[in-house]
Number of protein chains: 2
Amino acid sequence: MSEAVAAQVRSALLRAGDLHPALAGPVLESMNFLNEVSHRYPDAISLAAGRPHEDLFDARAPERYLAAYRHHLAADRGFTPEQVRRTLFQYGRTKGVIHDLVARMLHVDEGIDVDPESVVVTVGCQEAMVLTLRALRADPRDVLLAVAPTYVGLTGAAALVDLPVVPVPGGTDGVDLDALARTVTRLRAEGRRPRACYVMPDFANPSGMSMDLAVRHALLDAAAALDLLLLEDNPYGLFHGGEHLPTLKALDTGRRVVYFGSFAKTCLPGARVGYVVADTPVEAADGGLGLFADELAKIKGMLTVNTSPVAQAVVGGHLVTHGCSLVAANTAERAVYQRNLRHLLDGLAARFPAGGPVRWNTPRGGFFVVVDVPFAADDAALEHSAQEHGVLWVPMRHFYDHPDADRRLRLSCSAVSPAEIDEALDRLAAFIASRR
Amino acid sequence: MSEAVAAQVRSALLRAGDLHPALAGPVLESMNFLNEVSHRYPDAISLAAGRPHEDLFDARAPERYLAAYRHHLAADRGFTPEQVRRTLFQYGRTKGVIHDLVARMLHVDEGIDVDPESVVVTVGCQEAMVLTLRALRADPRDVLLAVAPTYVGLTGAAALVDLPVVPVPGGTDGVDLDALARTVTRLRAEGRRPRACYVMPDFANPSGMSMDLAVRHALLDAAAALDLLLLEDNPYGLFHGGEHLPTLKALDTGRRVVYFGSFAKTCLPGARVGYVVADTPVEAADGGLGLFADELAKIKGMLTVNTSPVAQAVVGGHLVTHGCSLVAANTAERAVYQRNLRHLLDGLAARFPAGGPVRWNTPRGGFFVVVDVPFAADDAALEHSAQEHGVLWVPMRHFYDHPDADRRLRLSCSAVSPAEIDEALDRLAAFIASRR
């Protein structure tokens, strides 16, 4: 900015300290730092990014799926050409136009049976989280519980709506139920209102951990006993190693689970389409019962009006092309991610001796593995790793505050090839050796 | 809901009174009522909706514009097929991928010269407003000024971020500058912080009013003297009757104007793409200067991550097809909306005598005309008009609290044909006659 312009604009200056506190908070600081490091070292191999694998993208996907969705509307639903055009082009239904296909997919793939009216199609899973937290956060007493370590998108959404996040340890089962009960009791005694607990039961980001079936049932029982909503986020559940456990939502007989879904990994990140299933009943002032989904839709009307019908059509076409089964649609993707995960785990075992100071967990699916190292795996260490050894990873301390976090790092295997994993692990081993 | 299920879910019930206050606030009540009335009377002719005219939609637009944008990336920017694919399919730049084309369009059409880095591409103009208000609302002292009557989308966005809106009368010029100065002074004396003033200088929704050139200059001077940001919203400026006045942003030498744009009326509502130009400098804690756009991008990263690149590609293809000129792209649209507006104004003059109790303003462009009637034009009257006379309009009291508002209604001419306007005005005249 030139001096003349700077002088001219001086009085219109905004001060960062006068803006919303989330802008100076730890989540954004984390996200900025991690983005910035990966931009500064573009030649480093990234085991940091959880992006989908690009080799699997069909270059003509948007056009092909648009055509499939147009055909579905005309052939299966009897729409006239004017109705098809209106559905794709005009302002649309706030809760979305592919809600019926999403509900069908949930039935086919997950055995989740919900009224399509309970589904709100959103601008990615991120908007689904923001809608839900915005609705739940009514006053300063409110807090959100979240299993720690916690997905940064959730922490960011909570910061946007001024909702403090209270961590619940994941323990060895994916959630420490005793700690959950103690935390809820303590918060209520302090006059706080725990509005819900956020969990990712399948191959969680960042921990890679999953809950087994008994833990899922016990968590649902605990939520009922504590009168607590559960927010279930499931972006990675389809990328399993053979055992596809039921989601909490599939086991939920009390409409206590709000379920977040994403098409970023199972269809196309560029569509930016996700959804939330919110069939929890809401009691109105007059005693009538409504759906939580309708409250979320009211907020969505003020946030983004509706999710782009053109983008929804791309996802809708993908769904109808594969019989409304993402399981069927993602056979190749599941194979690639499983191959990469095994390759990463085998590669770690080949480079670091059992019983040594470098240890890692062994997720059965998803994108992420957590590695313990015998030194501080902090931002400075990441910088050094990127600059001197050409390999990127994520310090676990960005995801929680815990004594163990400082010596842990997250590796992701989703966006790389087996050869890149080999090279990245060689570099990681050299980096780790250099710290001893 | 069955009794068994209701009993089962009883303990998980959310209570409406425990949700965010905006959900029970007047904006959402208004939006719900208006939507509900139009759904209940689908056969009524709607002079209520401000939707774009559907006859102008090209049925193959998404596919054609996707192809044009792919071609642009390859031919003009030298992208490889992999880079094209990644741009459309993968998670993308938070501030958008068509920011350069938007900046070029602003130069070509509006003489607005801004660094493309100041542009954030958003999920419609609605998200642009939410981002801006979220950034500006730091604590409970903060308020937003807005010219009244006020667009409900703005009021809704403010409610979502707990930001009270203080009205500034539009007066006869589009904004009452004396009232603006008095209001700012009073608020500051009360310890409140007026963060900005929202204005729609061209064919405002709902008033139809525009500011002339002298008022625009005076408003900018007043904003400088009061040290106030201006939020300029311009969805209808291109649909003028021959005189295209410069926007505030084009006249803004102090980077004091945050400019909201929409492609819903000038390209395709179904893309849900808008943008905000935010080149106001922000002073960081360390004294460094940054762009307000970068603060908005940080919030966007937590709200929607990024705007669907597929949807952006549709708008980008539209822009490159027409030399980055929405003026050139919207020749037919401008003609249709001008024809409709003249037809509506002529039709009012043909049915209601000059000097009589039914009066209306005469906007030179845009979609909206405000009519004064000699009775309460309230929700009950709208119900009666819809049910007995088959014509829909909007009570102006939904947009502001003012003694005159109760006898005013808004008519929109955008989504109807001249024949429908004739029929709707006959019905409106019969309705008005029935109230005397």
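Source: prediction; values computed, not measured.

Cut-offs and rules
- Residues numbered from 1 in each chain as written.
- Chains lettered and ligands numbered in written order.
- Predicted model: local features only at pLDDT ≥ 70, side-chain atom pairs only at ≥ 80, totals over all residues.
- Heavy atoms only, no water.
- Pairing = 2+ DSSP bridges.
- Helix = DSSP H or I, 4+ residues; strand = E, 2+ residues; numbered from the N terminus.
- Axes fitted to C-alpha atoms, helices over the stretch in contact; angles between N-to-C directions.
- Least-squares fit on C-alpha atoms with pLDDT ≥ 70 in both.
- Contact = heavy atoms within 4.5 Å.
- Buried area = accessible area lost by both parts, 1.4 Å probe.
- Salt bridge = Lys/Arg side-chain N within 4 Å of Asp/Glu carboxyl O.
- Polar contact = N/O pair within 3.5 Å; in protein donor to acceptor, adjacent residues only side chain to side chain.
- Nonpolar A, V, L, I, M, F, W, Y, C, P; charged D, E, K, R; others polar.

A. Quick look at the sheet that holds strand E3 (residues 119-122) of chain A. Residues and elements named next belong to chain A. Taken in spatial order, the 7 strands line up as E3-E9-E8-E7-E6-E4-E5 in an open sheet, and their pairing is mixed. A strand with exactly one partner marks an edge of an open sheet, and here the two such strands are E3 and strand E5 (165-169). If you compare each strand with its neighbour and ignore which way they point, the axes differ by 25° on average. With 4 bridges joining them, strand E6 (residues 193-199) and strand E7 (residues 229-233) adopt parallel strand pairing. Considered in E7, the bridge of Val199 is made with Glu232.

B. Looking closely at the relation of the copies chain A and chain B. Expressed as a screw operation, the relation of chain A to chain B combines 0.0 Å of axial shift with a rotation of 180°, fitting to an RMSD of 0.0 Å. Expressed as an axis order, the relation between the two copies is that of a two-fold axis. When you check the interface residues of chain A against chain B, 100% turn up at the interface there too, and the contact is symmetric in its surfaces.

C. Structural context of the interface of chain A and chain B. Opposite the 90 residues of chain A that make contact, chain B presents 90 residues. Roughly 8300 Å² is buried in total at the junction of chain A and chain B, and carbon and sulfur atoms are behind 60% of that figure. Looking at the side of chain A facing chain B, the largest losses of area belong to Phe89, Tyr91 and Met302 of chain A, adding up to 10% of the total buried there. Summed over the shared surface of chain A and chain B, the number is 8 salt bridges. Residues Arg70 of chain B and Glu63 of chain A are paired through a salt bridge, measuring 2.9 Å at the closest nitrogen-oxygen approach. Here chain A and chain B share 51 residue pairs in polar contact (both at pLDDT 80 or more) between them. The greatest single-element share of the side of chain A that touches chain B, amounting to 7 residues, is contributed by helix H11 (residues 292-303) of chain A. Taken together, the residues of the side of chain A that touches chain B sort by class into 48 nonpolar, 16 polar and 26 charged. Note: strand E1 (residues 14-15) of chain A against strand E10 (residues 281-283) of chain B, 2 bridges, orientation parallel. Bridge pairing links Arg15 of chain A to Glu283 of chain B in E10 of chain B.

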